[in-house]
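Descriptive analysis of the structure
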Amino acid sequence: MSALTDILLAPDVRPFAVAAAIMVALGGIELVTTLVGVSLSQVVGKDIEADGDSGLGGLFLWINAGRLPLLILIILALGVFSIAGFFLQGLAHGVGLSIPVLVAAIAAAGFSIPVIRVISRGIARIVPRDETYAVNDTDFIGHVAEVSVGPLDQGLPGRVRLKDVFGNWHSLVARAGPDSTPLPVGASVLLVARDARSFIAISAPAELIAQQHSDRA
């Protein structure tokens, strides 16, 4: 244990150890806040809007910024950078070399960028988004969704998921209407309104649920 601690705290791997610690902390906070229905992604911002005409904006777009929630992209970048750095310094130590920490950090960052692009592209295909360029929040009102994090009540909001007309899945923050009973996970709900905090949901009428199943068939 002491040897492992010495390795993690060694000066030549310190930036990568710090990146790994931040990644674990952010991931843990996001997991906990998602379970209580208030995702950290909703607080720090969901997406990056970048100007492709600038060099930095072009880089953001190249690694799929705007297609992936900002927090997930940050966690991914920290993880890839950390792994690349530890791997690079491990190889150097294996052949009896010592790479200056600044050189190792620059090399790890350069290696990380194309890797982040490949991995983020795959994640973007499976992670539900709260919105897309083609769909606005108001377009979801009047649609049937399924409770994915709940139950929904008048307290802390949970989450519902639904598919838009373009076939994209969305994960939305929602809570039950003031006169609604708690809506359990898996229940079909109708989104009837939206306020500053979340969508308002009620139990979906049976005919709308039947119509949704018919449309999917």
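Quick summary incoming for the structure in this document.

Direction of pairing for strand 3 (residues 169-176) relative to strand 5 (residues 199-203): parallel, over a ladder of three bridges. Counterpart to Arg175 in the pairing with strand 5 is Ile200. The antiparallel hairpin formed by strand 4 (residues 188-194) and strand 5 contains four residues in its connecting segment.

Spanning 25 residues, helix 5 (residues 70-94) covers 36 Å between terminal C-alpha atoms, matching the ideal 36 Å at 1.5 Å per step. Phi for Gly96, located one or two positions after helix 5, is positive at around 80°.

All right, on to the side chain of Ser198 then. Relative to the assigned elements, Ser198 resides in the loop between strand 4 and strand 5. Relative accessible area serves as the criterion here: at 0%, Ser198 is assigned to the buried category. When residues no more than four places from it in sequence are discounted, the contact partners of Ser198 are Pro157, Val173, Ala174 and Arg175.

All right, on to a nonpolar patch on the surface then. On the surface, Val101, Leu102 and Ile106 cluster together to form a nonpolar patch covering roughly 290 Å² of accessible area. Its location among the elements puts Ile106 in helix 6 (residues 101-126). On the accessibility criterion, Ile106 (56% relative accessible area) is exposed.

A full pass over the atoms with the stated rule returns one salt bridge. For Arg175, the salt bridge goes to Asp195, with nearest N and O atoms at 2.6 Å. Note that Arg175 is positioned in strand 3 and Asp195 in the loop between strand 4 and strand 5, a separation of 20 residues in sequence.

Parameters and conventions
As a convention, each chain's residues are numbered from 1 in the sequence order in which they are written. In keeping with the predicted nature of the model, local features appear solely for residues at pLDDT of at least 70, side-chain atom pairs appear and are counted solely at 80 or more, and the whole-chain, interface and lining totals rest on all residues. Side-chain metrics in this entry use all non-hydrogen atoms of the structure; hydrogen atoms and water are not considered. Should DSSP find at least two bridges between two strands, the strands are taken to pair. We count a stretch as a helix when DSSP gives it H or I for four or more residues in a row; a strand needs E for two or more, and each element gets its number in order from the N terminus. Here the expected span of a helix is defined as 1.5 Å times the quantity of residues minus one. We call a residue buried when its accessible area falls under 20% of the maximum for its residue type, exposed when it is over 50%, and partly exposed in between, using a 1.4 Å probe and counting protein chains only. We call two residues contacting when some pair of their heavy atoms lies within 4.5 Å. Grouping into patches uses exposed residues only, defined as over 30% relative accessible area, and leaves out salt-bridged ones; the cut-off is 9 Å for like charges and 5 Å for nonpolar side chains (Val, Leu, Ile, Met, Phe, Trp, Tyr). Computed with the Shrake-Rupley method and a 1.4 Å probe, the accessible areas treat only the protein chains shown as cover for residues. Just to be clear on terms, a salt bridge is a Lys or Arg side-chain nitrogen sitting within 4 Å of an Asp or Glu carboxyl oxygen.

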